[in-house]
Amino acid sequence: MAAAMRIMVVEDEEALTLLLRYNLEAEGYEVESVARGDEAEIRLREAPPDLVLLDWMLPGLSGIELCRRLRAREDTKRLPVIMLTARGEEAERVRGLATGADDYVVKPFSVPELLARVRSLLRRAKPEHLAARLAAGDIELDRDSHRVRRAGHDLHLGPTEFRLLEFLMQSPGRVFTREQMLDSVWGRDVYIDERTVDVHVGRLRKALNQPRQPDPIRTVRGAGYAFDETFAKS
Ligand code: CA
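The rules behind each value
Residues numbered from 1 in each chain as written. Predicted model: local features only at pLDDT ≥ 70, side-chain atom pairs only at ≥ 80, totals over all residues. Heavy atoms only, no water. Donors = N, O, S within 2.8 Å, 3.2 Å for Na, K, Ca; no water. Helix = DSSP H or I, 4+ residues; strand = E, 2+ residues; numbered from the N terminus. Buried < 20%, exposed > 50% of the residue type's maximum accessible area, 1.4 Å probe, protein only. Core = buried A, V, L, I, M, F, W, Y, C linked by side-chain atoms within 4.5 Å. Contact = heavy atoms within 4.5 Å. 1 Å grid on protein atoms, 1.4 Å probe; cavity = no way out; pocket = protein on both sides within 12 Å on 5 of 7 lines; lining within 4 Å. Points joined across faces, edges and corners; volume = space filled by probe spheres on them. Nonpolar A, V, L, I, M, F, W, Y, C, P; charged D, E, K, R; others polar. Axes fitted to C-alpha atoms, helices over the stretch in contact; angles between N-to-C directions. Parallel < 35°, antiparallel > 145°, perpendicular 65-115°, else oblique. Left-handed = near helix turned anticlockwise from the far one by under 90°.

## Details of the coordination of the calcium ion
Ideal geometry at a metal gives 109.5 degrees between four tetrahedral donors and either 90 or 180 degrees between six octahedral ones. Taken together, Asp12 (OD), Asp55 (OD) and Met57 (O) make up the protein donors of the calcium ion, found 2.1 to 2.4 Å from the metal. Donor residues for the calcium ion sit on one chain with the sequence pattern D-x42-D-x1-M. With Asp12 in the loop between strand 1 (6-10) and helix 1 (14-26) and Asp55 in strand 3 (residues 51-55), this residue pair connects regions lying 43 residues apart in the sequence. Asp12 sits in the partly exposed class, given a relative accessible area of 36%.

In structure tokens:
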């Protein structure tokens with residue numbers, strides 16, 4: 001594994017910062033958070049991260065202005081920036097992108113959706129760090145096209161089953177609790193019963209396994225689920 005990617009969260013809403021930190025760290029990113037635009041500008045010069053999540057309205061210096069300044073400097077010109085904003089009008093959107101942000105997310109956003117944007121932007125910016133394709137045994141998962149194939153055949157997975165499989169395939173052999181799976185696949189901001197995980201694992205298995213094919217997902221009694229590491233190496 002490459003060193004952890006570093007993400008700076010520039011956001012003055014503490015609850016949102018905590019939510020982002022928790023979810024980004026669960027994905028294996030290193031997170032630094034700053035609540036003011038002017039402080040962020042200094043920190044970004046001292047220790048540039050791999051990606052910035054930048055709130056639009058900030059004390060000290062607005063996110064729009066900070067983004068404009070980052071783009072004007074040679075050393076931060078290409079720094080991946082995702083703007084977070086409560087405004088959704090088309091004109092504002094265009095203005096956000098005109099400041100040079102790479103992507104734009106409207107609050108309230110879904111955490112899995114934001115994480116997907118983060119991954120996709122990092123992959124574009126640093127393709128060597130994140131594989132677009134996961135493979136284990138005879139299963140291939142393509143993150144860009146959202147396609148899953150087993151033994152050369154296309155499988156039809158729902159969006160939740162896709163994220164579930166992606167999540168488990170990322171860490172073969174690691175056992176995840178239902179709570180960890182809910183946090184990472186559904187996002188921590190939603191309340192869903194833990195039994196929902198079992199329902200979706202059941203659907204995933206049904207889509208994944210044809211008769212006589214081994215089941216790559218291991219149920220660990222009293223603990224949770226894991227992607228079978230022996231399957232991954234087969
Ligand atoms: Ca704000």
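## Observations concerning the nonpolar core
Among the nonpolar cores identified, the biggest contains 27 residues, and Val148, Leu165, Met169 and Met181 are the most heavily contacted of them. At the level of elements, strand 6 (133-136), strand 7 (139-142), helix 6 (159-170), helix 7 (178-186), helix 8 (195-208) and strand 12 (224-227) are the ones that each hand at least two residues to this core. If you tally residues by element for this core, the top one is helix 6, at six residues. Beyond its immediate sequence surroundings of up to four residues, Leu165 is in contact with Ile139, Leu141, Val148, Leu157, Leu204, Leu208 and Phe227.

## Points about the environment of Gly187
Positionally, Gly187 belongs in the loop between helix 7 and helix 8. Residues Gly187 and Leu115 lie 72 residues apart in sequence; the distance between their C-alpha atoms is 9.5 Å.

## Remarks on the layout of surface pockets
One number sums up the size of the second largest pocket: a volume of about 230 Å³. Counting only elements with at least two residues in the lining of the second largest pocket, the list comes to helix 5 (111-125) and helix 6. Split into classes, the residues belonging to the lining of the second largest pocket amount to four nonpolar, three polar and seven charged.

## A short note on the packing of helix 1 against helix 5
For the pair helix 1 and helix 5, the least separation of the axes is 11 Å and the interaxial angle reads 60 degrees. With respect to their mutual orientation, helix 1 and helix 5 come out oblique. Crossing of helix 1 over helix 5 shows right-handed handedness. Contacts from Leu19, Leu20, Asn23 and Leu24 of helix 1 reach helix 5 at Val111, Leu114 and Leu115. Of the residues in the contact of helix 1 with helix 5, the class split is six nonpolar, one polar and no charged.

## A word on empty space enclosed by the protein
Over the atoms a probe the size of a water molecule is rolled, and this reveals where empty space is left. Under the defined criterion, the tally for this structure stands at two cavities of 30 Å³ or more. Here the largest cavity is characterised by a volume of approximately 90 Å³. Lining the largest cavity are Glu27, Pro112, Leu115, Ala116, Arg119, Arg163, Glu166, Phe167, Gln170, Ser184 and Val185. Of all the secondary structure elements, the ones that give two or more residues to the lining of the largest cavity are helix 5, helix 6 and helix 7. Each residue belonging to the lining of the largest cavity can be placed in one class, and the counts come to five nonpolar, two polar and four charged. Estimates place the volume of the second largest cavity at around 30 Å³. Taken together, Glu41, Leu44, Arg45, Arg69, Leu70 and Arg73 form the lining of the second largest cavity.

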